[in-house]
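Residue-level structure breakdown
Read off the chains here:
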Amino acid sequence: RAPRAKALSLQLARGSEVLFGVAPCWLALCRARRALFRLFLKQCPGGSPRLAELALQAAARGVPVLRVSGRQLDTLSRGRPHQGVCLEAAPLPFRSLRDSEEPGDAESGPRLVWLVLEHIQDPMNLGALLRSAYFLGVDRVVASRSNSCPLTPIVSKASAGAMEVFDVYSTDDLQGFLKAKSAEGWEVVGTVSRPEDVEDIPVISCSEFQWDKPLIVVIGSEGEGISLETQLQCHRMLAIPPGRALHPGIESLNVSVATGILLHSICSQKWRHGD
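Since the model is a prediction, treat every value here as computed from it, not as a measurement.

**Let's talk about the environment of Val168**
One can find Val168 in strand S8 (residues 168-171). On the accessibility criterion, Val168 (3% relative accessible area) is buried. Taking the C-alpha atoms as reference, Val168 lies 6.0 Å from Arg95; in sequence the two are 73 residues apart. In contact with Val168, not counting residues within four places along its chain, are Phe94, Arg95, Leu130, Val141 and Leu151.

**Details of the packing of aromatic side chains**
Tallying each qualifying case throughout the model produces 3 aromatic pairs. Arranged with centres 4.7 Å apart and planes meeting at 55°, the rings of Trp114 and Trp186 form a pair that is tilted. Of the two residues, Trp114 sits in strand S6 (residues 113-117) while Trp186 sits in the loop between helix H7 (174-183) and strand S9 (187-191), which places them 72 residues apart along the sequence. A relative accessible area of 2% means that Trp114 is categorised as buried. On the basis of relative accessible area, Trp186 is assigned to the buried category, the value being 1%.

**Some remarks on the pattern of salt bridges**
Side-chain pairs of opposite charge can arise whenever the charged atoms involved come near each other. This model, assessed by the stated rule, comprises 8 salt bridges. Salt-bridge contacts for Arg95 lead to Asp167; the nearest nitrogen and oxygen are separated by 2.8 Å. Of the two residues, Arg95 is situated in strand S5 (residues 95-96) and Asp167 in the loop between helix H6 (153-158) and S8; the sequence distance between them amounts to 72 residues. For Arg95, a relative accessible area of 34% translates into the label partly exposed. Overlapping salt bridges bring together Glu17, Arg34 and Glu164 as one network.

**Considering the sheet that holds strand S4 (residues 85-89)**
The 4 strands lie next to each other as S1-S4-S2-S3, forming an open sheet whose pairing is mixed. The open sheet has two free edges, formed respectively by strand S1 (17-20) and strand S3 (65-68), since each of these has just one partner strand. On average, each strand axis in the sheet is inclined to that of its neighbour by 25°, with strand direction left out of account. Pairing geometry for S1 and S4, over 4 bridges, is antiparallel. Its bridge partner being in S4, Phe20 is matched across the sheet by Cys86. Against the sheet, helix H1 (residues 22-31) contacts S1, strand S2 (36-42) and S4, and its axis sits at roughly 45° relative to S4. Contacting S2, S3 and S4, helix H2 (residues 49-61) crosses the sheet at an angle of about 160° to S2.

Conventions and cut-offs
Residues numbered from 1 in each chain as written. Predicted model: local features only at pLDDT ≥ 70, side-chain atom pairs only at ≥ 80, totals over all residues. Heavy atoms only, no water. Helix = DSSP H or I, 4+ residues; strand = E, 2+ residues; numbered from the N terminus. Buried < 20%, exposed > 50% of the residue type's maximum accessible area, 1.4 Å probe, protein only. Contact = heavy atoms within 4.5 Å. Phe/Tyr/Trp six-rings, centres within 6.5 Å; stacked < 30°, edge-to-face > 60°. Salt bridge = Lys/Arg side-chain N within 4 Å of Asp/Glu carboxyl O. Pairing = 2+ DSSP bridges. Axes fitted to C-alpha atoms, helices over the stretch in contact; angles between N-to-C directions.

Okay, here's the thing in structure tokens:
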């Protein structure tokens, strides 16, 4: 009787996680910003060009490549859409503003745009926000550390891999950070879905907003928006005017959709000025 093949161990290294999907795995391999342990590829009759490229990239990085069944990939990705590939890797942490603050940011150009995220908890929203920020030319993303989603494989997949190439920073003191940037000459603008909910802070339509100094755009949580403490650090608030009278209950946009609209309106001014 032929000896039985040794079962493939899907047990992960301690502290590791599993990326899934072609774009996140490919970009994680290309950038190598995190420790990479094993690449799992689906067994395909005749092979797949995309998977072959992933195998070559893994080999160039010295990452072991294992051919596994679709069911095993389903287990590794916990049933999420993996497109035939999973990658075991170390988690990707937020970068610390304390350790990486670059002196003279405000003097490097008036057309800097930073996106600040307060208490974004849904990984799908966070991934979509990072994808839009990267695509539209945001210079830096900063997230509040408390009550916020970490940089998980779900975030990477939702960002189409943008998380693997775009640094995301975090701060433990969001209000202190905004106050310090304001003192350095930055303009801080918040966002609001219902202008009538804001008092003592000017509210302007995003289509009318003009800016000529380094800019921070603050996005609030999915349910509550920007906290009152953070609102008090904002010079102006931006709103997206609706295209019709809205029925009660559907008076706002998904946070990632709203942010994409706002960032396009803001960043298009960078493009027109050639910055």
